[in-house]
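# A look at the structure
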Amino acid sequence: TMAEEAKKRAGIAAVDNHVQNNQVVGVGSGSTIVYAVDRLAERVRQEKLNIVCVPTSFQARQLILQRGLTLSDLDRHPELDVAIDGADEVDSALTLIKGGGGCLTQEKIVAGCAKHFIVIADFRKDSSTLGQQWKKGVPIEVIPMAYVPVTRAILRRFGGEVALRMAVSKAGPVVTDNSNFILDWKFEKAHNWKEVNTAIKMIPGVVETGLFVDMAERVYFGMEDGTVRVRD
Ligand code: DER
């Protein structure tokens, strides 16, 4: 499809522009990152690159192993040269909503450990304000025993709607790689995302939010016309 082609072009552009030999690369989660990992594996083979990869989820770990790339972790490599990951939406200030795939916590940790955090996305994520195209809200990872008080605190302070993310192929809620639950907060107006991120993180029981504020250095958008749009 057009979106898949766009994801592929964004993934290739990011890997070709930001990955060099002897680097530690953070590997994101979701569907777009698969194209970047495919390109990375191709370059490792063709150019005999010495690269180690740090995953941001069980899915990313499987992807690294399946593509024959060298798996590492933050114990061995707490400083990464670059992290590449997808996004659910990007606004004009490069604030991201992430967590559509429920991997936001390890993604934010790895992105924060990288000298350069590079985002890849198709044209559907390219917004000027959050909520313009992404309608599923901001994912928030919470400790299971606290999901009700956290829900109430968010509704009281910020309004909107909050829903516990339910699994599709399993009865009950989605359980993250960290054995937690996900709340999806559907906000109803624009906010100061830096302040909101901080305020939500302070609520007891919140592990992480899917608001990535002042983290992305550059975003590669695969566009409908086959080009790649870069936003810094
Ligand atoms: O869940 C996540 O954070 C993913 O990285 C998401 O933001 C992008 O997933 P996609 O590449 O499948 O759209």
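Not measured: the values here are computed from a predicted model.

Turning next to the side chain of Thr105. Within the element layout of this structure, Thr105 appears in helix α4 (residues 104-112). Setting aside its immediate chain neighbours within four residues, Thr105 contacts Glu141, Asn178, Val207 and Glu208.

Strand order across the open sheet formed by three strands is β5-β6-β12, with antiparallel pairing between neighbours. Unpaired on one side and paired on the other, β5 (89-90) and β12 (211-212) mark the two borders of the sheet. Summarising the sheet, strand β6 (residues 96-97) and β12 pair through two bridges and their orientation is antiparallel. Looking across to β12, one finds that Leu96 is bridged to Phe212.

This paragraph deals with the packing of helix α1 (residues 2-18) against helix α2 (residues 32-47). Relative orientation of the contacting elements α1 and α2 amounts to 45°, with a least axis distance of 8 Å. Considering their axes alone, α1 and α2 lie oblique with respect to each other. In this structure, α1 meets α2 at a crossing whose hand is right-handed. Contacts between α1 and α2 pair Glu4, Lys7, Lys8, Gly11, Ile12, Val15 and Asp16 from the former with Thr32, Tyr35, Ala36, Arg39, Leu40 and Arg43 from the latter. Class assignment for the residues of the contact of α1 with α2 results in five nonpolar, two polar and six charged.

For strand β8 (residues 138-142), the buried fraction is high: five of the five residues fall into the buried class. Bridge count between β8 and strand β10 (residues 181-186): five bridges; the pairing is antiparallel. Its bridge partner being in β10, Glu141 is matched across the sheet by Ile182. Alignment of β8 against strand β11 (residues 206-209), held across three bridges, turns out to be antiparallel. By the bridge assignment for β11, Ile140 is matched with Thr209.

This part is about unusual backbone geometry. The backbone of Asn22 shows a phi angle near 60°, a positive value even though the residue is not glycine. Overall, the relative accessible area of 54% leaves Asn22 in the exposed class. Of note in this structure, Leu94 is not a glycine but carries a positive phi near 65°. Inspection of the secondary structure puts Leu94 in the loop between β5 and β6.

With that out of the way, let us pick up the sheet that holds strand β3 (residues 70-71). Strand pairing within a sheet occurs via backbone hydrogen bonds; the two strands may be parallel or antiparallel. Taken in spatial order, the seven strands line up as β3-β2-β1-β4-β7-β13-β14 in an open sheet, and their pairing is mixed. A strand with exactly one partner marks an edge of an open sheet, and here the two such strands are β3 and β14 (228-231). Judged from the two bridges that link them, strand β2 (residues 51-55) and β3 form a sheet pairing that is parallel. Bridge pairing links Val52 to Thr70 in β3. Across the sheet, helix α3 (residues 58-66) is in contact with β1 (23-27), β2 and β3; its angle to β2 comes to roughly 155°.

Contacts to the ligand come from 15 residues, most closely from Ser31, Thr32, Gly101, Glu107 and Lys125. A distance of 3.2 Å separates an oxygen atom of the ligand from a polar backbone atom of Gly100. One of the side-chain nitrogen or oxygen atoms of Glu107 is found 2.7 Å away from an oxygen atom of the ligand. For the ligand, whose free accessible area comes to 350 Å², the fraction covered by protein is 90%. A per-class count over the shell around the ligand returns one nonpolar, nine polar and five charged.

Next up on the list: the side chain of Glu107. Turning to its location among the elements, Glu107 is positioned in helix α4. The class of Glu107 is buried, set by a relative accessible area of 4%. Residues within four places of Glu107 in sequence aside, it is in contact with Ser29, Thr56, Asp85, Lys98, Gly99 and Phe212.

We now examine α1. The terminal C-alpha atoms of α1, which comprises 17 residues, lie 24 Å apart, in line with the 24 Å expected from a rise of 1.5 Å per residue. By the burial criterion, the buried members of α1 are Ala3, Ala6, Lys7, Ala10, Gly11, Ala13, Ala14, Val15 and His18. Those residues of α1 that are buried are in contact with β1, α2, β4 (80-85), β7 (114-122), β13 (218-222) and β14.

Cut-off values and rules
Residues numbered from 1 in each chain as written. Predicted model: local features only at pLDDT ≥ 70, side-chain atom pairs only at ≥ 80, totals over all residues. Heavy atoms only, no water. Helix = DSSP H or I, 4+ residues; strand = E, 2+ residues; numbered from the N terminus. Contact = heavy atoms within 4.5 Å. Pairing = 2+ DSSP bridges. Axes fitted to C-alpha atoms, helices over the stretch in contact; angles between N-to-C directions. Parallel < 35°, antiparallel > 145°, perpendicular 65-115°, else oblique. Left-handed = near helix turned anticlockwise from the far one by under 90°. Nonpolar A, V, L, I, M, F, W, Y, C, P; charged D, E, K, R; others polar. Buried < 20%, exposed > 50% of the residue type's maximum accessible area, 1.4 Å probe, protein only. Near = heavy atom within 4 Å. Polar contact = N/O pair within 3.5 Å; in protein donor to acceptor, adjacent residues only side chain to side chain. Areas by Shrake-Rupley, 256 points an atom, 1.4 Å probe, with all protein chains shown as cover. Expected span 1.5 Å × (residues − 1).

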